[in-house]
Amino acid sequence: MSGFNDQFLYSIFIIALGYILKRSNIIKEDDGEGLSRIIFNLTLPALILVTFNDITIEYSLFMLILIAFVYGLFSAVLGILIFRNQSRNALGMLSMMVPGFNIGLFAYPLVEGIWGREGIQHFGMFDVGNSFIVFGVCYFIGSYYAGEGARLDVKTMFLKMTKSIPLMTYIIVLILNLIGLKLPTLMIETADIISLANMPLSLLLLGIYLNFTFDRKYIKLIFKYMAVKYVVGIVVGVGLFILLPFDDMFKYTVLIGLILPTSMSVLPYAVEFNYDKRFVGTVSNITIITSFILIWIIANFVI
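Note that the structure is a prediction, hence the values are computed from the model and not measured.

Engineer: Residues and numbers for the overall build of the chain, please.
Structural biologist: Along the backbone of the chain there are 14 helices and zero strands. The helix and strand sequence of the chain, counted from the amino end, reads α-α-α-α-α-α-α-α-α-α-α-α-α-α. Expected size for 303 residues packed as a compact globule is a radius of gyration near 19 Å; at 19 Å, the chain falls within 12% of this value. Taking the principal axes of the C-alpha coordinates as reference, the chain spans close to 55 × 45 × 35 Å. The buried share among the 303 residues of the chain stands at 53%. Long-range pairs, those at least 24 residues apart, make up 86% of the contacts in the chain with a sequence separation of at least 6.

Engineer: For helix α2 (residues 31-53), give the residues involved together with the corresponding values.
Structural biologist: Between the first and last C-alpha of α2 there are 32 Å, a value that for 23 residues agrees with the 33 Å anticipated at 1.5 Å per step. Roughly 40° is the biggest bend found in α2, and it falls at Ile 39.

Engineer: Which residues make up the packing of helix α4 (residues 88-97) against helix α6 (residues 117-145), and what values go with them?
Structural biologist: Packing of α4 against α6 brings their axes to within 8 Å, and their N-to-C directions diverge by 175°. Viewed along their axes, α4 and α6 adopt a mutual orientation that is roughly antiparallel. Residues Arg 88, Leu 91, Gly 92, Ser 95 and Met 96 of α4 form the contact with α6, whose participating residues are Cys 138, Ile 141, Gly 142, Tyr 144 and Tyr 145.

Engineer: Residues and numbers for the packing of helix α5 (residues 103-115) against helix α10 (residues 198-209), please.
Structural biologist: Helix-helix packing: each pair is described by the crossing angle between the helix axes and the interaxial distance. Here α5 crosses α10 at 135°, and the two axes come no closer than 9 Å. The angle between α5 and α10 falls in the class oblique. The two elements α5 and α10 meet at a crossing, and its hand is left-handed. Between α5 and α10, the residues in contact are Gly 104, Leu 105, Phe 106, Tyr 108, Pro 109, Glu 112 and Gly 113 and Asn 198, Met 199, Ser 202, Leu 203, Leu 205 and Leu 206, respectively. Residue composition of the contact of α5 with α10, by class: eight nonpolar, four polar and one charged.

Engineer: Could you give me a rundown of the nonpolar core, with the residues and numbers involved?
Structural biologist: In terms of nonpolar packing, the biggest core is built from 101 residues, with Phe 52, Met 97, Phe 123, Leu 260 and Phe 279 touching the most fellow members. In terms of residues, this core owes the most to one element, α6, which gives 13 residues. Aside from chain neighbours lying at most four places away, what touches Phe 279 is Met 93, Leu 94, Met 97, Tyr 218, Leu 221 and Ile 222.

Engineer: Lay out a negative patch on the surface with the relevant residues and their values.
Structural biologist: A cluster of acidic residues, Glu 58, Glu 118, Asp 247 and Asp 248, forms a negative patch at the surface. Mapped onto the elements of the fold, Glu 58 is located in the loop between α2 and α3 (62-82). According to the relative accessible area criterion, Glu 58 is partly exposed, its value standing at 45%.

Engineer: Explain the pattern of salt bridges to me, and be specific about the residues and the numbers.
Structural biologist: Tallied over the full model, the rule gives three salt bridges. Here Glu 29 and Lys 22 are joined by a salt bridge, their closest N and O atoms 3.6 Å apart. Look at Glu 29 and you get partly exposed, because its relative accessible area is 34%. Residue class for Lys 22 comes out buried when judged on its relative accessible area of 11%.

Engineer: Tell me about the packing of aromatic side chains, residues and numbers included.
Structural biologist: Any aromatic ring pair is given by two values, namely how distant the centres are and how the planes are angled relative to each other. Taken as a whole, this structure holds 17 aromatic pairs when the rule is applied. Ring plane angle 20° and centroid distance 6.2 Å describe the contact between Tyr 71 and Phe 101, whose orientation is recorded as stacked. Of this pair, Tyr 71 sits in helix α3 while Phe 101 sits in the loop between α4 and α5, and the two are 30 residues apart along the sequence. Under the relative-accessibility criterion, Tyr 71 is labelled buried at 9%. For the pair Trp 115 and Phe 123, a centre-to-centre distance of 6.4 Å together with 20° between the ring planes defines the contact as stacked. For Trp 115, a relative accessible area of 19% translates into the label buried. These aromatic residues form a ring-pair network of at least three members: Tyr 71, Phe 74, Phe 101 and Phe 126. Against the face of Tyr 144 rests Arg 88, its NZ or CZ located 5.2 Å from the ring centre. Directly above the aromatic system of Phe 241 lies the positively charged group of Lys 251, at a separation of 5.8 Å from the ring centroid.

Cut-off values and rules
For every chain, the first residue of its written sequence is number 1, and the numbers climb from 1 along that sequence. Confidence filtering applies because this is a predicted model: local features only for residues at pLDDT of at least 70, side-chain atom pairs given and counted only at 80 or more, and all residues used for totals across whole chains, interfaces and linings. Working from all heavy atoms in the structure, the side-chain values ignore hydrogens and water. Secondary structure elements follow DSSP: runs of H or I no shorter than four residues count as helices, runs of E no shorter than two count as strands, and numbering proceeds from the N terminus. Using C-alpha atoms as the atom set, the radius of gyration is obtained and then compared with a globule rule of 2.2 Å times the number of residues to the power 0.38. Throughout, exposure labels follow a simple rule: accessible area from a 1.4 Å probe, protein chains only, divided by the maximum for the residue type, with under 20% read as buried, over 50% as exposed, and the rest as partly exposed. In this analysis, two residues are considered to be in contact whenever any of their non-hydrogen atoms come within 4.5 Å of each other. Expected helix span is given by 1.5 Å per residue-to-residue step, counting one fewer step than there are residues. Note on bend: the value at a residue is the angle between axes fitted to the seven residues ending there and to the seven starting there. Throughout, an axis means a line fitted to C-alpha atoms (over the contacting stretch in the case of helices), and angles, computed between N-to-C directions, take values from 0 to 180 degrees. Throughout, the term roughly parallel applies to angles under 35 degrees, roughly antiparallel to angles over 145, roughly perpendicular to angles from 65 to 115, and oblique to all others. Working rule for handedness: look at the near helix, and if it is turned counterclockwise from the far one by less than a right angle, call the crossing left-handed; if clockwise, right-handed. Amino acids outside the nonpolar list (Ala, Val, Leu, Ile, Met, Phe, Trp, Tyr, Cys, Pro) and the charged list (Asp, Glu, Lys, Arg) are all regarded as polar, and Gly is one of them. By nonpolar core we mean a set of buried residues, namely Ala, Val, Leu, Ile, Met, Phe, Trp, Tyr and Cys, connected to one another through side-chain atoms within 4.5 Å. Residues qualify for a patch when their relative accessible area is over 30% and they have no salt bridge, like charges being joined within 9 Å and the nonpolar side chains of Val, Leu, Ile, Met, Phe, Trp and Tyr within 5 Å. Under the convention used here, a 1.4 Å probe and the Shrake-Rupley method define accessible areas, while residue burial counts only the protein chains that appear. Basic side-chain nitrogens of Lys or Arg form a salt bridge, by our definition, when they fall within 4 Å of a carboxyl oxygen of Asp or Glu. Positive charges come from Lys and Arg, negative ones from Asp and Glu, while His and the chain ends are left out of the count. Charged groups are reduced to one reference atom each: NZ for lysine, CZ for arginine, CG for aspartic acid, CD for glutamic acid. Two rings belonging to Phe, Tyr or Trp (six-membered ring only in the last case) form a pair when the distance between their centres is within 6.5 Å. Interplanar angles under 30 degrees mark stacking, angles over 60 mark edge-to-face geometry, and anything in between is tilted. For a lysine, the NZ atom is tested; for an arginine, the CZ atom; a charge sits over a ring if that atom is within 6 Å of the ring centre and within 35 degrees of the ring normal.

In structure tokens, the structure reads:
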């Protein structure tokens, strides 16, 4: 158990370091955009390459893709129903934020530190299903209620997802693994070196983006959103944890996966569709803190 707590402690220190560097004006919040591009387009794909290149993928793990995708659809519909009495703009903003999880930046550093490559393998499969929700369903909801008149067609979703280098890396490496092809040793060894930077950079970025100021008029709406996202996630997660006939790592992935923070992609979506960026950023920060606490509780009292 000390290993779990040590990892959480290290993570808190690195996140706090990122926050202090921002508050000290050594690093500006705008610098986070460049750092996030490095993570999503370089260090995270490198970690995926190394993790999935030479492992034996059990077919039961493909259930994680299905669970993430089905739950995303379910929570999207639930969000629309619960927030239907809000203004059209608020409905779109809140419903867009309910489905989808922050796995690449938030979950991977913790999972890698606690479970190593086995954890990355499981959460990576979960993230494949999550990516279809984030780049397809969330984008459609945000666009539709902003009055953009988007249509949820295969072409739109395909073009959006092909722009995600992590998702394309997942798919390519999984296909190569399943057909028995191995990437060149030099490529894997280089990716291994680069992947070591993913954990500290991701945690630093979380600290850089942390912001504890928000308008008091948002309090009731924030509480309602948090209840929808976390109460449902905990209930469904615990239910699946008890009922699923799989190994412990599989169950922990589902239990933790359904209480992860809202996806970072909602921030650029909020800008693109002219939603309240400050509200979206504030809620994203609150979900990061909430998920961190919940995962620590699970790590100490369930695992």
